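# Structural overview
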Amino acid sequence: MTAHLEVSEGVGTIRLDRPKMNALDIAMQDRIRELAEEATRREDVRAVVVYGGERVFAAGADIKEMQVMDHAAMVARSRGLQDAFTAVARIPKPVVAAVTGYALGGGCELALCADVRFAGESAKLGQPEILLGLIPGAGGTQRLSRLIGPSKAKDLIFTGRMVTAAEALTLGLVDRVVPDADVYTEARAWAARLAQGPAIALRAAKECVDAGLETDLDSGLALERTWFASLFATEDREIGMRSFVEEGPGKAKFR
């Protein structure tokens, strides 16, 4: 199996498992899409960790598989490649990428689909496709530039260079750098805390931020306004406000 979903206490871990480097071949891409869709459907999954294991997140696409593909073959496949990663980006629950070792090419693009990224101190990230005479094809030109800005994204994409975890933190490519041995533990703790939160409000917040970035300010404000009012119909809103009034902030136990 190239990847699997482990669920415990509200946290689903999408675990990439294709030794040694978690190369993202077509089978792996399709499996990631299936697992993202499963995590989306399952009510017992309330937050998600994407994890490649202790040694490597994902070192990129399977170059040997791509080498034999011609233009027609890649035209037929490229949509499936993007759809697999977009399925992760569209999980309507908090998603954290736990990055160890290399996250290059498709591996970096997969990490970009998470809401936040935790990296080990020795992690290395980059978009080296230009060194193959290519460009990123699984969202790198779009998600990376939206995350860190166009000029910084162009630097990484034009040069194909790898960056350390420390530089990635400075660029805004990752959100937290921790000791290598603690990457999954820290990422899972973040997910576990949010798994206890108000699921519908978290979904609303994610949709408002993500969709708002793709539209004009007035449209984004309209989406926020609609969701904000809609949440007054939820039990979690009643629980949260009652708890705040009776016990103070941060003590609500959402259902």
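Below or above, wherever it landed, is the structure these notes cover. As the structure is a computational prediction, the values presented were derived from the model and not from experiment. (Residues numbered from 1 in each chain as written. Predicted model: local features only at pLDDT ≥ 70, side-chain atom pairs only at ≥ 80, totals over all residues. Heavy atoms only, no water.)

### Considering the overall build of the protein chain
Assigned secondary structure in the protein chain consists of eleven helices and nine strands. A compact globule built from 255 residues should have a C-alpha radius of gyration of about 18 Å, and the protein chain, at 19 Å, falls within 12% of that. Its C-alpha atoms give the protein chain principal-axis dimensions of about 65 × 40 × 35 Å. The burial tally for the protein chain puts 44% of its 255 residues in the buried class. Partitioning the intrachain contacts of the protein chain with sequence separation of at least 6 by distance along the chain shows that 68% fall at a separation of at least 24. (Helix = DSSP H or I, 4+ residues; strand = E, 2+ residues; numbered from the N terminus. Rg over C-alpha atoms; globule rule 2.2 N^0.38 Å. Buried < 20%, exposed > 50% of the residue type's maximum accessible area, 1.4 Å probe, protein only. Contact = heavy atoms within 4.5 Å.)

### Re unusual backbone geometry
Excluding glycine, residues mostly have negative phi values, and the peptide bonds linking residues are mostly trans. A cis amide bond links proline 19 to the next residue, lysine 20, at an omega of 0°. Secondary-structure assignment places lysine 20 in the loop between strand E2 (11-16) and helix H1 (26-41). Positive phi, normally seen in glycine, also occurs at glutamate 9, with a value near 55°. In this fold, glutamate 9 is placed in the loop between strand E1 (3-8) and E2. Classification of glutamate 9 as exposed rests on a relative accessible area of 65%.

### Digging into a nonpolar patch on the surface
A grouping of Met21, Tyr102 and Met162 is seen on the molecular surface, where their side chains present a nonpolar patch of about 270 Å² in accessible area. Take methionine 162: it is sitting in strand E8 (residues 162-164). (Patch = residues over 30% accessible without salt bridge, like charges linked within 9 Å, V, L, I, M, F, W, Y side chains within 5 Å. Areas by Shrake-Rupley, 256 points an atom, 1.4 Å probe, with all protein chains shown as cover. Salt bridge = Lys/Arg side-chain N within 4 Å of Asp/Glu carboxyl O.)

### Description of the packing of helix H9 (residues 199-212) against helix H10 (residues 217-230)
Running from amino to carboxyl end, H9 crosses H10 at an angle of 170°, the nearest separation of the two axes being 9 Å. Classified by the interaxial angle, the pair formed by H9 and H10 is roughly antiparallel. Contacts from Ile200, Ala204, Glu207, Cys208, Ala211 and Gly212 in H9 reach Gly220, Leu223, Glu224 and Trp227 in H10. Among the residues forming the contact of H9 with H10, the class breakdown is six nonpolar, two polar and two charged. (Axes fitted to C-alpha atoms, helices over the stretch in contact; angles between N-to-C directions. Parallel < 35°, antiparallel > 145°, perpendicular 65-115°, else oblique. Nonpolar A, V, L, I, M, F, W, Y, C, P; charged D, E, K, R; others polar.)

### Section: the pairing of E2
Put simply, side chains in a regular strand alternate between the two faces of the sheet. Burial analysis of E2 places five of its six residues in the buried class, the great majority of the element. Note that E1 and E2 share six bridges and pair antiparallel. Within E2, the position partnered with alanine 3 by the bridge is leucine 16. In textbook terms, the turn of a hairpin is the stretch between consecutive antiparallel strands, and for E1 and E2 this stretch comprises two residues, one of which, glutamate 9, has a positive phi near 55°. Direction of pairing for E2 relative to strand E3 (residues 47-51): parallel, over a ladder of five bridges. By the bridge assignment for E3, valine 11 is matched with alanine 47. This β-α-β element, E2 to H1 to E3, shows right-handed connectivity. (Pairing = 2+ DSSP bridges. Right-handed = clockwise from strand over helix to strand, strands pointing away.)

### Focus on the state of the cysteines
All told, the structure shown has zero disulfides when counted by the stated rule. The cysteine cysteine 108 is free of any disulfide, with cysteine 113 supplying the nearest cysteine sulfur at 10 Å. Since its relative accessible area comes to 1%, cysteine 108 is described here as buried. Free of any disulfide, cysteine 208 has its nearest cysteine sulfur in cysteine 113, 20 Å distant. (Disulfide = S-S within 2.5 Å.)

### Overview of the pattern of salt bridges
Taken as a whole and assessed by the stated rule, the structure comprises 14 salt bridges. Where glutamate 34 meets arginine 31, a salt bridge forms, and the shortest distance between an N and an O atom there is 3.2 Å. On the criterion of helical spacing, the pair formed by glutamate 34 and arginine 31 is a turn pair, its members being three residues apart in helix H1. Where arginine 79 meets aspartate 83, a salt bridge forms, and the shortest distance between an N and an O atom there is 3.2 Å. Residue arginine 79 and its partner aspartate 83 are located together in helix H3 (residues 71-89), separated by four residues, close to a single helical turn. Arginine 79 sits in the exposed class, given a relative accessible area of 57%. Taking relative accessible area as the criterion, aspartate 83 reaches 34% and is therefore assigned partly exposed. Taken together, the salt bridges that share partners define one network made up of Arg18, Asp25 and Asp62.

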